[in-house]
Amino acid sequence: MIYYYDGSFDGLFTVIFKKYQEIGKCEIKTKTDQVNFLESEMIKTDIVKAQRVITGVRENIGEDFFEDAFKVFKSNHPRKEEILAITIKSCLVYGNAYLGSAKKAAVAFRSIVKSFNHETHAYKGFTRFREIQDGYLLAEITPENDILLHITQHFFKRMPAEKFIIYDKTRNKASLCKHGNYEEIEIIEMDAVDSEKEAIFKDAWRGFYDAIGIEERKNKKLMQANKPKKYWKYLPEKN
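Residues numbered from 1 in each chain as written. Predicted model: local features only at pLDDT ≥ 70, side-chain atom pairs only at ≥ 80, totals over all residues. Heavy atoms only, no water.

Naming follows an unreviewed UniProt entry, where the protein appears as TIGR03915 family putative DNA repair protein of Anaerococcus groningensis.

Written out as structure tokens, the structure is:
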């Protein structure tokens, strides 16, 4: 049996509430996937029922687990819904010891969280901002997982007085932060132009980078090990 939901966090927790007994024996997919009408059912989101599950998870499994569950939901893993549902049900039945077990769902859950945390940590260090029109700072990212919220929270704490945009080009959405306020918006087209000051700074930075580099001591393999090439595309010194 396949259960479809609207792709929202509350939608998934509604499925867990309504089909609790069938978890582990069914598939859970978003409605954007190809629908199989023969053995499928669309589960309508119910905020009240979803919140009952969320409250139960927080009180019985813990806040740390709930934060990790949200990361799994935001991951790009193709079976994240089923893994999350099975892990939640198993923890409620067997206790938190299940999380450290060798069960398939538990192992997959830990692996997804580890991958999500690794990518988030990398982007905290490699994300670069540039000044564009209207005095905004713009950073462009292309993450595998949906880490936009976690990245934004990181920089939001460190630049509370700035107005900046973090643009997830993979998912065509961006976080817009302005003087302590934050919102997530859909981006159809980003028409960003570097400010005059930014152009001057980039030229100066590239000149400095080239000047301090010693050609004979360049080690491209070590450079890629410390900073994988997938993060280079928005680094001025690499372009």
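**Structural notes on the sheet that holds strand E7 (residues 173-178)**
Basically, it comes down to this: We call two strands paired when DSSP finds no fewer than two bridges between them. The way it works is that DSSP assigns letters per residue, a run of H or I at least four long becomes a helix, a run of E at least two long becomes a strand, and they are numbered from the N terminus.
Taken in spatial order, the five strands of this open sheet run E4-E5-E6-E7-E8, and their pairing is mixed. Only two strands of the sheet have a single partner each, and these edge strands are strand E4 (130-131) and strand E8 (181-186). Pairing of strand E5 (residues 137-141) with strand E6 (residues 163-168) involves five bridges; the strand directions are parallel. Counted as the bridge partner of Ile-141 is Asp-168 from E6.

**Examining the pattern of salt bridges**
Stated precisely, the cut-off is as follows: The salt bridge definition used is simple: a Lys or Arg side-chain nitrogen within 4 Å of an Asp or Glu carboxyl oxygen. Here's how the labels work: a residue is buried when its accessible area is under 20% of the maximum for its type, exposed when over 50%, partly exposed in between, all with a 1.4 Å probe on protein chains only.
With the rule as written, the count across this model stands at 14 salt bridges. Glu-184 serves as the salt-bridge partner of Lys-173, at 3.2 Å between the closest nitrogen and oxygen. You can see Lys-173 sitting in strand E7 and its partner Glu-184 sitting in strand E8, a full eleven residues away along the chain. With relative accessibility at 38%, the residue Glu-184 sits in the partly exposed group.

**Looking at the nonpolar core**
Operational definition: Residues belong to a common nonpolar core when they are buried Ala, Val, Leu, Ile, Met, Phe, Trp, Tyr or Cys residues joined through side-chain atoms within 4.5 Å.
If you look at the biggest cluster of nonpolar residues, it comprises 35 residues, and the most contacted ones within it are Phe-13, Ile-16, Val-57, Phe-65, Leu-84 and Phe-109. Contributing elements (two or more residues each) for this core: strand E1 (2-5), helix H1 (9-18), helix H2 (47-60), helix H3 (63-74), helix H4 (80-94) and helix H5 (104-126).

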